[in-house]
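One letter stands for each residue in the lines below.
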Amino acid sequence: MQMEPQVNILLVDDKLENLLALEAILEKLGENLVRATSGEEALRCLLHQDFAVILLDVQMPGMDGFETATLIRNRGRSRHTPIIFLTAFSTSDQMLFKGYALGAVDYLLKPLDPNILTSKVTVFVELFKKTEAVKQQAAQLVAVNTELRQSEERFRSLSTCSPVGIFETDTEGGCKYTNPRYQAICGLKAAESLEKRWLESVHPEDRERAIASWSAYICEGRDYSEEFRFQTTDSSIRWVQVRSSPMLSSQGELLGYVGTLEDITERKQAEEVRAQVIREQTARQEAEAANRMKDEFLAVLSHELRTPLTSMLGWSKILRAKKLDEKATSRALEAIERNAISQMQLIEDILDVSRIIRGQLRLNVSAVNLLSVMEAALEAVRPLAEPKDIKLNTFLDASVGSVYGDPARLQQVVWNLLTNAIKFTPKGGRVEVRLSTYFGFSISDFGLPRLCPSPIGDAARTATLRTGSAQVAQSNDFGLGADSENLDSSNTNESSNLKSQIQNSKSQYAQIQVIDTGIGISSEFLPKVFERFRQADSTTTRSHNGLGLGLAIVCHLVELHKGTIFAQSLGTGEGATFTVRLPLLQNNRGNREATGQISSPMASTPLAGLKVLVVDDEADTRNFLSFMFEEYGAFATAVASVDEALAVLEQAKPDILISDIGMSEQDGYTLIRKLRSLEPEKGGRIPAIALTAYTREEDRLEALAAGFQQHLSKPIDPNKLIAMVANVLKLGSGE
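Being a predicted model, the structure only gives us computed values, none of them experimental.

Quick notes on the environment of leucine 396
Within the secondary structure, leucine 396 is located in strand 13 (residues 391–396). Taking the C-alpha atoms as reference points, leucine 396 and isoleucine 512, separated by 116 residues in sequence, lie 9.1 Å from one another. Setting aside its immediate chain neighbours within four residues, leucine 396 contacts Leu371, Met374, Glu375, Leu378, Val433, Arg434 and Leu435.

So, helix 1 (residues 16–26)
Along an α-helix, residues three or four apart share an orientation, since each turn contains 3.6 residues. Among the residues of helix 1, Leu19, Leu22, Glu23, Ile25 and Leu26 are the ones counted as buried. Each buried residue of helix 1 sits inside an arc of 165° when the element is viewed along its axis, so together they form one side. Next to the buried residues of helix 1 lie strand 1 (8–12), strand 2 (32–36), strand 3 (53–57), strand 4 (83–87) and helix 5 (114–161).

Notes on the packing of helix 2 (residues 39–48) against helix 3 (residues 65–74)
In contact at an axis separation of 10 Å, helix 2 and helix 3 are set at 20° when each is read in the N-to-C sense. With respect to their mutual orientation, helix 2 and helix 3 come out roughly parallel. For the element pair helix 2 and helix 3, the recorded crossing hand is right-handed. Together, Gly39, Ala42, Leu43 and Leu46 of helix 2 and Thr68, Leu71 and Ile72 of helix 3 make up the contact between the two elements. Of the residues assigned to the contact of helix 2 with helix 3, the class counts are 5 nonpolar, 2 polar and no charged.

Some words on the packing of aromatic side chains
Applying the stated criterion to the full structure yields 14 aromatic pairs. Summarising the aromatic geometry, the rings of phenylalanine 66 and phenylalanine 85 are spaced 5.2 Å apart at their centres and angled 55° between planes, so their arrangement reads as tilted. Of the two residues, phenylalanine 66 sits in helix 3 while phenylalanine 85 sits in strand 4, which places them 19 residues apart along the sequence. Comparing phenylalanine 66 with phenylalanine 85 shows no difference in burial state: the two are buried. Ring geometry for tryptophan 214 against tyrosine 224: centres 5.1 Å apart, planes inclined by 90°, an arrangement best described as edge-to-face. One end of the pair, tryptophan 214, is in helix 8 (residues 204–220); the other, tyrosine 224, is in strand 8 (residues 224–231), with 10 residues separating them in the sequence. Exposure class is identical for tryptophan 214 and tyrosine 224. Each is buried. Aromatic ring contacts, followed pair by pair, group Phe167, Tyr182, Trp198, Trp214, Tyr217, Tyr224, Phe228, Phe230 and Tyr257 into a single cluster. Above the face of the tryptophan 239 ring, lysine 268 is positioned so that its terminal group lies 4.5 Å from the ring centre. The ring of tyrosine 438 carries the charged tip of arginine 581 above its face, separated from the ring centre by 3.7 Å.

Some details on the sheet that holds strand 25 (residues 688–692)
Whenever strands of a sheet pair, they do so through backbone hydrogen bonds, lying parallel or antiparallel. Reading across the sheet, the 5 strands line up as 23-22-24-25-26 and stay open at both edges, with parallel pairing between neighbours. Looking at strand neighbours, the two that pair on one side only are strand 23 (635–639) and strand 26 (710–713), the edges of this open sheet. Averaged over all pairs of adjacent strands, the angle between their axes in this sheet comes to 20°, without regard to strand direction. Across 4 bridges, the pairing between strand 24 (residues 656–660) and strand 25 is parallel. Bridge pairing links serine 659 to alanine 690 in strand 25. Packed onto the sheet, helix 16 (residues 619–631) meets strand 22 (611–615), strand 23, strand 24 and strand 25 and runs at close to 170° relative to strand 23.

Points about the pattern of salt bridges
According to the stated counting rule, one finds 21 salt bridges in the structure shown. Residue arginine 181 pairs with aspartate 263 through a salt bridge whose shortest N-O separation is 4.0 Å. Here the residue arginine 181 occupies a position in helix 6 (residues 180–186), and aspartate 263 occupies one in strand 10 (residues 254–263), the gap between them amounting to 82 residues. For arginine 181, a relative accessible area of 27% corresponds to the partly exposed category. Among the salt bridges present, the one from glutamate 262 reaches arginine 243, with a minimum N-O distance of 3.3 Å. Remark: arginine 243 occurs in strand 9 (residues 237–248) and glutamate 262 occurs in strand 10; sequence separation between them is 19 residues. When salt bridges that share partners are traced, they join Glu227, Arg267, Lys268 and Glu271 into one network.

Some remarks on the sheet that holds strand 6 (residues 165–170)
Spatial ordering of the open sheet is given by 7-6-10-9-8, a layout of 5 strands whose pairing is antiparallel. Here the strands that pair on one side only, and so sit at the sheet edges, are strand 7 (175–178) and strand 8. Taken over all neighbouring pairs, the strand axes of this sheet differ in orientation by 25° on average, direction set aside. One ladder, built from 8 bridges, connects strand 8 with strand 9; its direction is antiparallel.

Procedures and definitions
- Here the residue index of a chain counts from 1 through its sequence in written order.
- Selection of residues for local features in this predicted model requires a pLDDT of at least 70, selection of side-chain atom pairs for listing and counting requires 80 or more, and totals for whole chains, interfaces and linings are taken over all residues.
- Each side-chain value is worked out from all heavy atoms of the structure, with water and hydrogens disregarded.
- Every helix listed is a DSSP run of H or I at least four residues long, and every strand listed is a run of E at least two residues long, numbered separately from the N terminus.
- When checking whether two residues touch, look at their non-hydrogen atoms; a contact exists if any pair is within 4.5 Å.
- Relative accessible area decides the class of each residue, using a 1.4 Å probe on protein chains only: under 20% of the type maximum gives buried, over 50% gives exposed, and in between gives partly exposed.
- The arc in question is the one spanned by the directions pointing from the helix axis to the C-beta atoms.
- For helices, the axis comes from a line fit to the C-alpha atoms of the stretch in contact; other axes are also lines fit to C-alpha atoms, and the angle between any two N-to-C directions lies between 0 and 180 degrees.
- Under this scheme an angle from 65 to 115 degrees is roughly perpendicular, one under 35 degrees roughly parallel, and one over 145 degrees roughly antiparallel; angles in between are oblique.
- We call a crossing left-handed when the near helix sits turned anticlockwise from the far one by less than a right angle, and right-handed when that turn is clockwise.
- Residue polarity is assigned by list, with Asp, Glu, Lys and Arg as charged and Ala, Val, Leu, Ile, Met, Phe, Trp, Tyr, Cys and Pro as nonpolar; anything else, Gly included, falls into the polar class.
- Two rings belonging to Phe, Tyr or Trp (six-membered ring only in the last case) form a pair when the distance between their centres is within 6.5 Å. Interplanar angles under 30 degrees mark stacking, angles over 60 mark edge-to-face geometry, and anything in between is tilted.
- The rule is short: NZ of Lys or CZ of Arg within 6 Å of the ring centre and within 35 degrees of the ring normal puts a charge over the ring.
- Two strands are said to pair when DSSP picks up at least two bridges between them.
- Any Lys or Arg side-chain nitrogen located within 4 Å of an Asp or Glu carboxyl oxygen qualifies as a salt bridge.

This is the structure we're talking about:
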């Protein structure tokens, strides 16, 4: 326990024995007793020390007690120090009055009673101690008040100059304090800021979210941090970050909430600029990559188009320059035909990609038996496999049901996969083709992202699965959704029934697999295998030709049929497996016959006795068409212009008109309009087929709208043209 400090007691007497007597009496108080033998010495003691009480002798030589008391009272520091006069003489009323007038608190007559003296001195000692304690407490209180005042001023200065808005609310949400920055951010005056909540300054589009998040914060009691747009009364908009924390008492009781508002508009603008820069950089990189890919594609396209032209032109010049024997002539014609077909396939691939990009690749759908489709595709690729001694092993399950699709496009899918496998399989290799039924759920049920690059939006929705050495693309569902506008069917009731059957058979699929022992696909290229213009090797030393379009076209065709396609390969030199899954129909009766009729165009139709009018300004095409129709038994009349065709129509009535669209002076549209304006007996209803190198969907629609019954794109396949003539004439005779 800390000892209390001793207080000073001043003993003033000119006689030493009196001082000793006083010390003996007061010693038991334990205080500091200070002697003074004269008034002068007493005054010197008062210069350096404060005393609880002064015991002052009245009768002293020189300066007596009254004079000494007068000087003590004249000094401010000792003006209120208690003085007890001591005297050995009789105390008259006059002396008592004089002593009390000088500020004495008591007047004692010697000899002194020790108990009385001790009790009186004790009272003044205790009083002095309490006075000192009060002074100390007062000083401490002044210091505390000063510190509080300084702290308050510091807080006010910090709050006023703070770059962020500060607010305090009670537990009911009422605002108790806001600083000037808060008022500026919210666009409120000081008084208004205490009446309105910050939520009222939030932009109307963000307010609902702000109220919901703030309410959740109030309920949960966690720290709060959100970003909103604020709209002030002058309609200016700024981004603000709102932070808040609960304000608790020392006992943990919730007192309210304290928060800040920080204007982050500049940061948001900087982030937007940065994001814009990143987007521009990404777009620039993508554009540069696209340009590189385009340059590579154009170089490959030039090579792929020039290569067959070289052979075709070379053999043509040889045939014209010298007379070859039958064997050499047959070899030359086969080379010309083979390279022409190759060139036509390249052009068809490019046109298909163009239709895919524009969302105009249409399907003529019906119930299709895949067995017939695959057998036709296999027959078409056997000539490609035989020179390389590649074995085509087939495992075709005849019990697999039918699918709902376009037989020609499905045959194109199988043909592309087979030619791709044969192209990348070395001599003596093996290509295995399987057709089976697959039971289970589509991987599209797992909501995976799309794979096939499709610029046509919802026209071909896809999804992807990438797992190790597999690359998967599939449609989002097997129901008929946004793509149904691309599915044509001549029988509305049949189409409706077939669609219903698809929707009720999601767990059964026809599975087509093409497995080869070829060069395989590297893990780096596998994710890009279905992208347009993508080739694992696009250098000038590559060993395989092609434009890199086939698999991209296959991917989109499978998507349009609501199917799944994926590629698998263990790596370079390990071969590859391509798997296609198409939703099966439940009712398969009559599907084989229907499919066979659609997927197998008529190879030959007797046209004996038919009169055909051919109109084309290109002499070679005109001569070829005349020769072809005459070979099939028809009587062909070929003219080079619209006027010549109308002149022929006035003299003779042909059974059918075959007209080119793009001709000099007057085109095929002019001819068909003039023809349809004639009376029926003058040929106004003669069936007509348009031949054109313009292959866009809008070109086909324009031709049909102008009055043509059919539209056939160049180069012309004789079998297709003859079959189309037979169909048109049949429809014409039925009218």
